[in-house]
Amino acid sequence: MSNHYVVTGSSRGIGYELVKSLANKNHLVTVVARSEEKLTSLRSLFPEQIFPITADITTEEGRNTLIGHIKEKSISLDGIVHNAGLLIKKPFEELTDDDWNRQLDVNLLAPVFLTRDLLPHMNSGSHILNIGSMGGFQGSSKFPGLSAYSVAKGALSVLTECLAAELADRNISSNCLCLGAVQTEMFEAAFPDFQAPVQPGDMGRYISEFLLDAHKLFNGRVLPVSLADPS
Ligand SMILES: NC(=O)c1ccc[n+]([C@@H]2O[C@H](COP(=O)([O-])OP(=O)(O)OC[C@H]3O[C@@H](n4cnc5c(N)ncnc54)[C@H](OP(=O)(O)O)[C@@H]3O)[C@@H](O)[C@H]2O)c1
């Protein structure tokens, strides 16, 4: 039987590969990003299973486009993956108000608002999966230039634990994977001199399996998935 998921940030990198893996397992996926062209090309791989929504999830208008689509098509969701992300790498003293706002908008507040607004459309047994980072994993090594990014991801980890407690009686689970370095555009832009040990295809496949099964075994977990930091 096919499940239906929302995956944000699916136009490239880990999200793109995650969606392909879910579609390969015959699931349906509503995919969200700002790049219409890349989403259209993703859809062309699985035209019957992938439903693209071009939207900026940091805007109310963008989020309403997604929520309107879910309502209009009467879609019952089995989960959402908050994968869209932004990494601003700057020394703490140089981070502007705007940098902090953008960092928190994409990595924390968009998952908060989308989860709240999509909850009425989630089936019992659904899995909310937050894509965190080792920088936001409690007790992990921290690296210069990543304060705003890591703070936002750390808060996403705590949100995961709060939602697990609050939604348990509705049989909706919430977990967070704190990823280490994966060779994507985000990683290349932030760490041009490093080669990540993991490719997006491998991470996308792992996340798809975790999304489908892990919530049947545990809830409210914040887990490191890392061969190497930083990111
Ligand atoms: N790569 C790593 O080493 C690493 C490590 C730890 C954690 N992570 C996390 O893994 C996730 C995926 O990262 P990645 O490396 O695959 O990044 P990426 O290649 O930069 O892809 C980011 C995705 O997010 C989308 N996105 C960004 N802002 C958006 C917005 N305002 N509205 C809608 N979509 C938006 C982008 O699409 P558009 O530009 O088309 O909107 C793109 O599809 C992120 O949450 C990241 O923080 C990555």
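See the structure above.
Residues numbered from 1 in each chain as written. Predicted model: local features only at pLDDT ≥ 70, side-chain atom pairs only at ≥ 80, totals over all residues. Heavy atoms only, no water.

> Would you mind going over the overall build of the protein chain with me for this structure?
Helices and strands together make up the secondary structure of the protein chain, namely 7 helices and 7 strands. Ordered by position from N to C terminus, the α and β elements of the protein chain give β-α-β-α-β-α-β-α-β-α-β-α-α-β. Taken over the C-alpha trace, the protein chain has a radius of gyration of 16 Å; the compact-globule value for 231 residues is 17 Å, and the two agree within 12%. Seen through its C-alpha atoms, the protein chain measures out along the principal axes to roughly 45 × 40 × 35 Å. Put simply, the protein chain has 231 residues, and 54% of those count as buried. Of all intrachain contacts in the protein chain linking residues separated by at least 6 positions in sequence, the fraction that spans at least 24 positions is 69%. When the accessible area of the protein chain is evaluated, it comes to approximately 10800 Å², of which 50% is carbon and sulfur surface. Put simply, the protein chain has 19 plus and 26 minus side-chain charges, and the middle of one group is 4 Å from the middle of the other. (Helix = DSSP H or I, 4+ residues; strand = E, 2+ residues; numbered from the N terminus. Rg over C-alpha atoms; globule rule 2.2 N^0.38 Å. Buried < 20%, exposed > 50% of the residue type's maximum accessible area, 1.4 Å probe, protein only. Contact = heavy atoms within 4.5 Å. Areas by Shrake-Rupley, 256 points an atom, 1.4 Å probe, with all protein chains shown as cover. Lys, Arg positive; Asp, Glu negative; His and termini not counted. Charge placed at Lys NZ, Arg CZ, Asp CG, Glu CD.)

> Sorry if this is basic, but what is going on with the pairing of strand S3 (residues 50–54) here?
One face of the sheet, then the other: side chains in a regular strand alternate in exactly this way. Relative to S3, strand S2 (residues 28–33) is paired through 5 bridges, and the arrangement is parallel. Across the sheet, the residue bridging to Thr30 is Phe51, located in S3. What joins S2 to S3 is helix H2 (residues 36–45), and the crossover it makes is right-handed. (Pairing = 2+ DSSP bridges. Right-handed = clockwise from strand over helix to strand, strands pointing away.)

> Mind showing me how you'd approach the sheet that holds S2 here?
Paired through their backbone hydrogen bonds, the strands of a sheet run either parallel or antiparallel. The sheet built from 7 strands is open, its strands ordered S3-S2-S1-S4-S5-S6-S7 with parallel pairing. What marks the edges here is a single partner per strand, and that holds for S3 and strand S7 (222–225). Ignoring strand direction, the axes of neighbouring strands in this sheet form an average angle of 20°. Pairing of strand S1 (residues 4–8) with strand S4 (residues 77–82), which is carried by 3 bridges, proceeds in the parallel orientation. Pairing of Val7 across the sheet is with Val81, part of S4. In the packing of helix H5 (residues 147–167) onto the sheet, contacts are made with strand S5 (122–133), strand S6 (173–179) and S7, and the angle to S5 comes to roughly 160°. (Axes fitted to C-alpha atoms, helices over the stretch in contact; angles between N-to-C directions.)

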